[in-house]
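Coordinates in review
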Amino acid sequence: MSVSIDLQQPGTPAVDIPESSRMIELRDISKSFGPVKANSGIDLIVERGKIHGIVGENGAGKSTLMSILYGFYSADRGSIEINGKKKNIKNPQDAIAAGIGMVHQHFMLVAPFSVLDNIILGEEKNFILKKTRENARAKINALAEEYEMQVDLDAITGELSVGLQQRVEILKALYREADLLILDEPTGVLTPSEADHLFRILDMLREQGKTIIIITHKLREIMAITDTVSIMRRGKMSPSIWTKDTNPKDLATLMVGRDVVLKVEKKKAKPEGEVLRVENLNVTNALGVQKLKNLSFTIRAGEVLGVAGVAGNGQTELLEILAGMMPAGSGQVLYFDEPLDISKRAKPDQRRKRGIGHIPEDRHRRGLVKPFKTWENTAFGYHNFPRYSKKYGFADQKFMREDATDKMERFDIRPRNINLPAANFSGGNQQKIVCAREIDQAPKLILIGQPTRGVDIGAIEFIHKEIIRMRDEGAAVLLISVELDEILSLSDRVIVLLDGAIVGEREADKTNVNDLGLLMAGIEEKEASNG
Amino acid sequence: MDDKIPAWLDVIVLPLMSLMIAFFVTGLIVLSIGANPFSVAQAMIEGAILRPSGLGYTLYYTTTYILTGLAVAVAFHAAMFNIGGEGQAMVAGVGVAIAALALDSTHWMITLPVAMILSMVFGAFWALLPAYLQAKRGSHIVITTIMMNFIASAVVGYIVIYVLRDNVAGANETRRFLEGAHIPRASDMLSWIGIDGYSKSVPMNITFFVALIAAVAVYYLIWRTRLGYEIRAFGLSSSAAQYAGTSPVKIIIIAMLISGALAGLMANNSVMGEQVKLGLNPVNGAGFIGIAVALMGRNHPVGIVLAAFLFGVLVQGGAELSFSYPAVSRDIVDVIKGLVILFVGALDNMLRIPMEHWWINRQKAKMA
């Protein structure tokens, strides 16, 4: 699948930075994990004393790139220059020595330690900490003063608010005299006012000459804080442009992409009776973040409801609650007018018995037992159904094998070996194993999450056709995908999730990538709804 | 791409190579204390396999290790490390003693089944608390089963001394069981098929076949039943098992109950088969050897039976050594056991990783 991203509208100047003011220069950085190219041929130059934003979907390769920069991974190819000098960064210590500081999305703090101890961790210097602590205290207080980042150094880190913990992370980097700060999704866990405060701090850091790279998928933040911006998609990086020369609409469109146009031949849906009704669904995770906010929607037999949205906006929670794998906070789910159990006692196998199939978002963790052979995986979850069972608790392994042979044939799963562990198949064929299992049970409602993530084109086409075939045979389909093309080509109706709430609903044939992209990015809702 | 070595290398060649290294190092140690490793090895094999009475002792130990090894393996398939086989078997010893003391005026055909059931119930019961704590509270099974071992030791000591002790003889043990709790030993079973004259003191007994049946049953349970399928799925990927609707609580508790019951069965062999009474320590470390046996047998019943036999040979051969080679302490056997566990278990990757590299390179060379 070739991807070309070009931010440059005609007449937009590309960023040209003279060599003397380049803080960091990446050349041709590539990194593969097995057959997956997480980064391919990435070039990036960031000017000293500027804030550069990198936007892109989850899985676009942003975190891999930053991990290479910070020494967690080593690149297969390419070079890193800092202040014009080539650096070989083999581990985080090298990165720190080169003046790079990183604020991770999930903080790397020891919760029961005091703030002071967290900041000096790894830089203890002496066997006895007293002197280090005293020196550190003076230095940190000076830093906090300079950048207006007051925090109680003797507080227990775990008891601080998320915003303050992030401040500790930034102080930690500054204490190590970082000149280049990398912030990975820094506002993902912050309240709006905390985010505003963070931006003020970043502004101040920039004024003091620090260079900052900020990774995010929130376009508003890019527009508000960055000087230059580039986009990552499927492992590739666009050339940088000046933020002031672009606008959120263009960024949104580029971010969600429009490279692969896979049109699925389908007739107009003929929806019938209502199969699923979700009413006021809410859920709050263990950290107290509300992941679903008053979700209400319906799906009828013979229609595909697409759920669009940037990953992490509540899709996983929605899918797992409907599949009975996760309890909801409040709300009601009706399946053929009868309530589904969405409490802690919900059982996925009960859902299956009632005709609800589930192609999970993560086939590696959920959909397959990877060391299991294909014939064991093709009955997984349905193994207690009478067709796979014999008396006295035995499994009907003869039938399981025949069934697997049959499924491999009909879904063209290769290599055709029912005894091969699922781990040994390619991503596309693994996904076909999951699809074959779920679709073949002829569910009345099928919950589908990211059906073609990491799947080759041939398998994508096959899976798309199967989804439409199920719809035409009268199944209700809930399709969650971050690929807008997929949503648009398969769905009859589309709802868009942002921050756990439905921010828009569209007829699939009356919308387009631009329109949905804007809804997903949460910009200019009024304007978007006109389009 | 297949980056795994084939099963025959994994299950047969690798353990054999590890064993060879263990034996080689043992040989060096024997050499260093001034004995000839080959004649020591010969004496051990002679005394543990070739001499009929020695073989009987070996099979007696094998019985014990098969059962404790199976116990570890079943829990392991559910991704749990049951270190508590020792305590579970010890408590099961009380169950065996109760059955034997109550029924030993009848016939062993009545006593043995009752004793087996009681031993399994007692063993399973002792595994239930750690299982419950793991399933419901997340208390780590390794920690809780170790603690339960100590508690078992104290509880069994109390029961033997204050409840079941034979006050006439005065030792800290029950009275000797009567005829009705004497299960058939090798000599009895051989005379059924017309071979007389085998030593009556050899403790190998009918529970050897119980152990073999248990091995077959475990095979069917793990690889043929839906419960075993769920146990393996949970053990390999708990997140996938949750997706399939398998309750982790159910799997953890059932797997541990089966594990405890298997460990408990072992007590029939030692309490009724050998000692014919219950003393303070009816298990004597066999629960721990079961861990090594399961490790070496790759948690597969066939491997466990073979590994149990190997450990039986080592233990019996070691006992034999102390007769023929007074200079060589029988503790040398503990050294061998330790080395076997070290090389087969802990240092498994030492050979595995080079072998995987070798295999992949070979495959690549073939393709090219």
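Residues numbered from 1 in each chain as written. Chains lettered and ligands numbered in written order. Predicted model: local features only at pLDDT ≥ 70, side-chain atom pairs only at ≥ 80, totals over all residues. Heavy atoms only, no water.

1. Quick notes on the overall build of chain B
Of the regular secondary structure elements, chain B holds 15 helices and 0 strands. Over its C-alpha atoms chain B spans a radius of gyration of 22 Å, differing by no more than 12% from the 21 Å that the globule rule assigns to 368 residues. A total of 368 residues make up chain B; the buried ones form 53% of that total. Across chain B, the fraction of contacts at a sequence separation of at least 24, relative to all contacts at a separation of at least 6, is 76%. (Helix = DSSP H or I, 4+ residues; strand = E, 2+ residues; numbered from the N terminus. Rg over C-alpha atoms; globule rule 2.2 N^0.38 Å. Buried < 20%, exposed > 50% of the residue type's maximum accessible area, 1.4 Å probe, protein only. Contact = heavy atoms within 4.5 Å.)

2. Examining the overall build of chain A
On a plain count of helices and strands, chain A comes out with 18 helices and 21 strands. By its C-alpha atoms, chain A is 75 × 60 × 45 Å across when sized along the principal axes. Relative to its 531 residues, chain A shows a buried fraction of 57%. Counting contacts in chain A only where the partners sit at least 6 residues apart, residues at least 24 apart contribute 69% of the total. Measuring between centres, the 73 positive side-chain charges of chain A sit 5 Å from its 74 negative side-chain charges. (Lys, Arg positive; Asp, Glu negative; His and termini not counted. Charge placed at Lys NZ, Arg CZ, Asp CG, Glu CD.)

3. What to know about the sheet that holds strand β13 (residues 290-300) of chain A
Residue and element names in this part refer to chain A. The strand order β13-β12-β15-β16 describes an open sheet built from 4 strands, whose pairing is antiparallel. The sheet is open, and its two edges are formed by β13 and β16 (338-339), each paired on a single side. Alignment of strand β12 (residues 274-284) against strand β15 (residues 330-335), held across 5 bridges, turns out to be antiparallel. Looking at β15, one finds that Leu-276 is bridged to Tyr-335. Strand contacts of helix α9 (residues 315-322): β12, β13 and β15, with the helix running at about 60° to β13, the strand carrying the most contacts. (Pairing = 2+ DSSP bridges. Axes fitted to C-alpha atoms, helices over the stretch in contact; angles between N-to-C directions.)

4. Looking at the domain arrangement of chain A
Splitting chain A by domain gives domain 1 (19-256) and domain 2 (274-530). Measuring from the centre of the C-alpha atoms in domain 1 of chain A to the corresponding centre in domain 2 of chain A gives 35 Å. (Domains from an automatic or database assignment.)

5. Considering a positive patch on the surface
A contiguous patch of positive charge on the surface is contributed by Lys-344 and Arg-345 of chain A together with Lys-136 and Arg-137 of chain B. Tracing the backbone shows Lys-344 of chain A in the loop between β16 and α10 (348-353). The exposure class of Lys-344 of chain A is exposed, given its relative accessible area of 74%. (Patch = residues over 30% accessible without salt bridge, like charges linked within 9 Å, V, L, I, M, F, W, Y side chains within 5 Å. Areas by Shrake-Rupley, 256 points an atom, 1.4 Å probe, with all protein chains shown as cover. Salt bridge = Lys/Arg side-chain N within 4 Å of Asp/Glu carboxyl O.)

6. Quick notes on helix α8 (residues 207-224) of chain B
Every α-helical turn comprises 3.6 residues, leaving residues that sit three or four positions apart pointing alike. Taking 1.5 Å per residue, 18 residues should reach 26 Å; α8 of chain B reaches 24 Å between its end C-alpha atoms and fits that length. Of the residues making up α8 of chain B, those classed as buried are Thr-207, Phe-208, Val-210, Ala-211, Ala-214, Ala-215, Val-218, Leu-221, Ile-222 and Trp-223 of chain B. (Expected span 1.5 Å × (residues − 1).)

7. Some remarks on the sheet that holds strand β20 (residues 493-498) of chain A
Residues and elements named next belong to chain A. Spatial strand order, β17-β18-β19-β14-β20-β21: 6 strands in an open sheet with mixed pairing. Lying at the two open borders of the sheet, with one neighbouring strand each, are β17 (356-359) and β21 (501-507). Between one strand axis and the next, the sheet turns by 15° as a mean value, whatever way the strands run. Those strands touched by α9 are β14 (304-308), β17, β18 (445-449), β19 (476-480) and β20, and its axis lies near 150° from that of β19.

8. Looking at the nonpolar core
In terms of nonpolar packing, the biggest core is built from 102 residues, with Leu-276, Leu-281, Phe-297, Leu-318, Leu-322, Leu-445 and Leu-478 of chain A touching the most fellow members. Taken domain by domain, the makeup of this core includes at least three residues from each of domain 1 (19-256) and domain 2 (274-530) of chain A. Sequence-distant contacts of Leu-281 of chain A, that is, excluding residues within four places in its chain, are made with Leu-292, Lys-293, Asn-294, Leu-295, Leu-318, Ile-321, Ala-328, Ser-330, Gly-331, Val-333 and Ile-342 of chain A. Counting residues in hydrophobic clusters, the runner-up holds 77 residues, among them Ala-100, Trp-108, Leu-164 and Phe-343 of chain B. (Core = buried A, V, L, I, M, F, W, Y, C linked by side-chain atoms within 4.5 Å.)

9. Description of helix α6 (residues 141-164) of chain B
Every buried residue of α6 of chain B is accounted for by Ile-141, Val-142, Thr-144, Thr-145, Met-148, Asn-149, Ala-152, Val-156, Gly-157, Val-160 and Leu-164 of chain B. Among the structural elements, α4 (85-103), α5 (108-137), α11 (248-275) and α12 (286-296) of chain B are those in contact with the buried residues of α6 of chain B.

10. Brief notes about the environment of Arg-354 of chain A
Residue and element names in this part refer to chain A. Along the chain, Arg-354 turns up in the loop between α10 and β17. Along the backbone, Arg-354 and Tyr-335 are 19 residues apart, and their C-alpha atoms lie at a distance of 9.2 Å. Ignoring any residue separated from it by four or fewer positions in sequence, one finds Arg-354 in contact with Tyr-335, Glu-338, Pro-339, Leu-340 and Lys-444.

11. Details of the environment of Ser-53 of chain B
Residues and elements named next belong to chain B. In this fold, Ser-53 is placed in helix α3 (residues 52-77). Ser-53 sits 148 residues away from Ser-201 along the chain, and the two C-alpha atoms are 8.9 Å apart. Each residue touching Ser-53, except ones within four places of it in the same chain, is listed here: Tyr-198 and Val-202.

12. Regarding the interface of chain A and chain B
Taken together, the 30 residues of chain A in the interface contact 23 residues of chain B. In terms of surface lost to chain B, no three residues of chain A exceed Arg-366, Phe-372 and His-383 of chain A, which account for 22% of the buried area on that side. The closest approach of N and O atoms between Glu-376 of chain A and Arg-232 of chain B, which form a salt bridge, is 2.8 Å. Taken together, the elements giving at least two residues each to the side of chain A that touches chain B come down to α10, α11 (363-367), α13 (397-410) and α14 (427-439) of chain A. (Buried area = accessible area lost by both parts, 1.4 Å probe.)

13. Examining the packing of α12 of chain B against helix α14 (residues 331-346) of chain B
Residue and element names in this part refer to chain B. At their nearest, the axes of α12 and α14 sit 10 Å apart, and the two run at 40° to each other. In terms of their interaxial angle, α12 and α14 are classed as oblique. Regarding α12 and α14, the two cross each other, and that crossing is left-handed. In this structure, α12 contributes Ile-289, Ala-292, Leu-295 and Met-296 to the contact, and α14 contributes Lys-337, Val-340, Ile-341, Val-344 and Gly-345. Its residues assigned to classes, the contact of α12 with α14 comprises 7 nonpolar, 1 polar and 1 charged. (Parallel < 35°, antiparallel > 145°, perpendicular 65-115°, else oblique. Left-handed = near helix turned anticlockwise from the far one by under 90°. Nonpolar A, V, L, I, M, F, W, Y, C, P; charged D, E, K, R; others polar.)

14. Examining the packing of helix α4 (residues 129-147) of chain A against helix α5 (residues 162-175) of chain A
Residue and element names in this part refer to chain A. Here α4 crosses α5 at 115°, and the two axes come no closer than 10 Å. The pairing of α4 with α5 is recorded here as roughly perpendicular in orientation. When you trace α4 past α5, the crossing you get is right-handed. On α5, the residues that touch Ala-136, Lys-139, Ile-140, Leu-143, Ala-144 and Tyr-147 of α4 are Leu-171, Leu-174 and Tyr-175. Residues of the contact of α4 with α5, tallied by class, amount to 8 nonpolar, no polar and 1 charged.

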